Amino acid sequence: MTEPESAMRGPELAIAAPDPAPAPAPAPDDSAARERFERFTERPSSRYGPRRAHARQAKKKRKRLWRAVLVLLAVVVVAAGGVYGWAETRLNRDVDLGAYGDRPPPGEGTNYLIVGSDSRDGLSEEAVKDLRAGGGGGRRTDSMMLLHTGANGTSMVSLPRDSWVTVPGRLDTTTGKTKRPEGDKLNAAFSYGGPELLVHTVEKNTGLRIDHYAEIGFAGFVNIVDAIGGVRMCLDRDIKDEKSGADLRKGCQSLNGKQALAFVRQRHQEREGDLGRSRNQQKFLSTLAHQAARPGTLFDPTEIGPAMEAGLDTLIVDKDMSLRDLGRMFRAVQGVAGGKGKQINVPVSGFGVPTPKGNVLKWDAKRSARLFDDLRHDRPVTETGKSRRARGR
């Protein structure tokens, strides 16, 4: 065959050429080699040719890894379910939001009333003295915050306890007589009728329907802060207050439970008294929620367990509050700390205003009405809450 003919027929020969002969099997007396050969030839091949040994080993490792991950997730889910069930049984659902009837219609979004009370439940006499929790009977509010969540974000509105409001008519339990609506401080409503009258008063003065209520006392507050290892705060000045026991230095520092309680209670070092205290309480609550939700706390049973137990021991909520609702509230407060929301005070037109019930704060009628109307219809809040520096008006 000539060279041109060979060149022309070369491709045909290449196509028609038979498959290469398979590699010969090892000799019968080489048992180890035969076993390796059989293991290799029995495994299916991929579309790209026979699998390599290192590829099979990698796949085995990946399978083991995924099995381990699935087992771990199952353990976490079971544990979380156990904690969830335990926590559900520990919630003290003691507040009837509709006890007084005549409530505003439901608005858009969700409204929470978060209250810090001076309840001394869970505190020994020695602890009461050490924390300067004071004496006196009854239960009073130390802080009140209205938390609104909705399609247009989250707003946390401080309601100063010295706010001058109209307390609705009620039955006076000391005399058995019905009292007519009267002007008084907001925290007086809590003293007169507990959470139910406080909620009723807030609803009547804001026009907002309160969907959920959460209250925590002194002991729970202190225990939560200590359980998560303290809360880091940055102060722009020294704070020393005899009544609350606050003795803090300017700068960034980690506050333990006792120091934190003194910080959120002090107001005599604040130029605007109760307004200044409300701002401190907002800032601290947001920071506390943010720090409690950090991964180092959430996924450490030695931290999150004691923190949950400490909080649930003195937490009082409404009858319809579920653990899921409580979680949503917590995440909303945490989001405000992360900049995903607004922290404002109810607009005030005058503070230190003398009345028969003592000096009070008066809300700015127009601005506060606009704020509450925006919240009721879940509109973007434009109110800043900055007060006009006016006393005695």
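Each value, and the rule that gives it
Residues numbered from 1 in each chain as written. Predicted model: local features only at pLDDT ≥ 70, side-chain atom pairs only at ≥ 80, totals over all residues. Heavy atoms only, no water. Helix = DSSP H or I, 4+ residues; strand = E, 2+ residues; numbered from the N terminus. Expected span 1.5 Å × (residues − 1). Buried < 20%, exposed > 50% of the residue type's maximum accessible area, 1.4 Å probe, protein only. Arc of directions from axis to C-beta. Contact = heavy atoms within 4.5 Å. Polar contact = N/O pair within 3.5 Å; in protein donor to acceptor, adjacent residues only side chain to side chain. Disulfide = S-S within 2.5 Å.

A.B. asks: Help me understand helix α12 (residues 365–376), please; the structure alone is not making it clear to me.
C.D. replies: Three- or four-residue spacings in an α-helix give side chains the same orientation, since the helix completes a turn every 3.6 residues. An ideal rise of 1.5 Å per residue puts 16 Å on 12 residues; α12 measures up with 16 Å between its terminal C-alpha atoms. Listed in full, the buried residues belonging to α12 are Arg367, Ser368, Leu371, Phe372, Asp374 and Leu375. Taken around the axis of α12, the buried residues stretch over an arc of 155°, which confines them to a single face. Facing away from the buried side of α12, by more than 90 degrees, are the exposed residues Ala365 and Lys366. Those residues of α12 that are buried are in contact with β3 (141–150), β4 (153–158), α5 (186–206), β15 (342–345), β16 (348–355) and β17 (358–363). With a side-chain oxygen lying 3.3 Å from the backbone nitrogen of Lys366, the N-terminal cap of α12 falls on Asp364. Once α12 ends, the next one or two residues include Asp378, with phi positive near 55°.

A.B. asks: It is not clear to me how helix α6 (residues 218–227) should be interpreted in this structure. Could you clarify?
C.D. replies: Where burial is concerned, most of α6 is hidden: eight out of the 10 residues are buried. Buried within α6 we find Phe218, Ala219, Gly220, Phe221, Val222, Ile224, Val225 and Ala227. Looking one or two places after α6, you find Gly229, whose phi comes out positive at around 85°.

A.B. asks: Would you mind going over the state of the cysteines with me for this structure?
C.D. replies: As used in these notes, a disulfide is a covalent bond between sulfur atoms, one from each of two cysteines. Inspection of every chain in the model, using the stated rule, returns one disulfide. The disulfide that involves Cys234 links it to Cys252, with 2.0 Å between the sulfurs. Between Cys234 and Cys252, the S-S dihedral sits near 105°, and the bridge is therefore right-handed. One end of the pair, Cys234, is in strand β10 (residues 231–235); the other, Cys252, is in strand β13 (residues 251–255), and 18 residues separate them in sequence.

Scope: geometric values only; no functional claims are made or implied.
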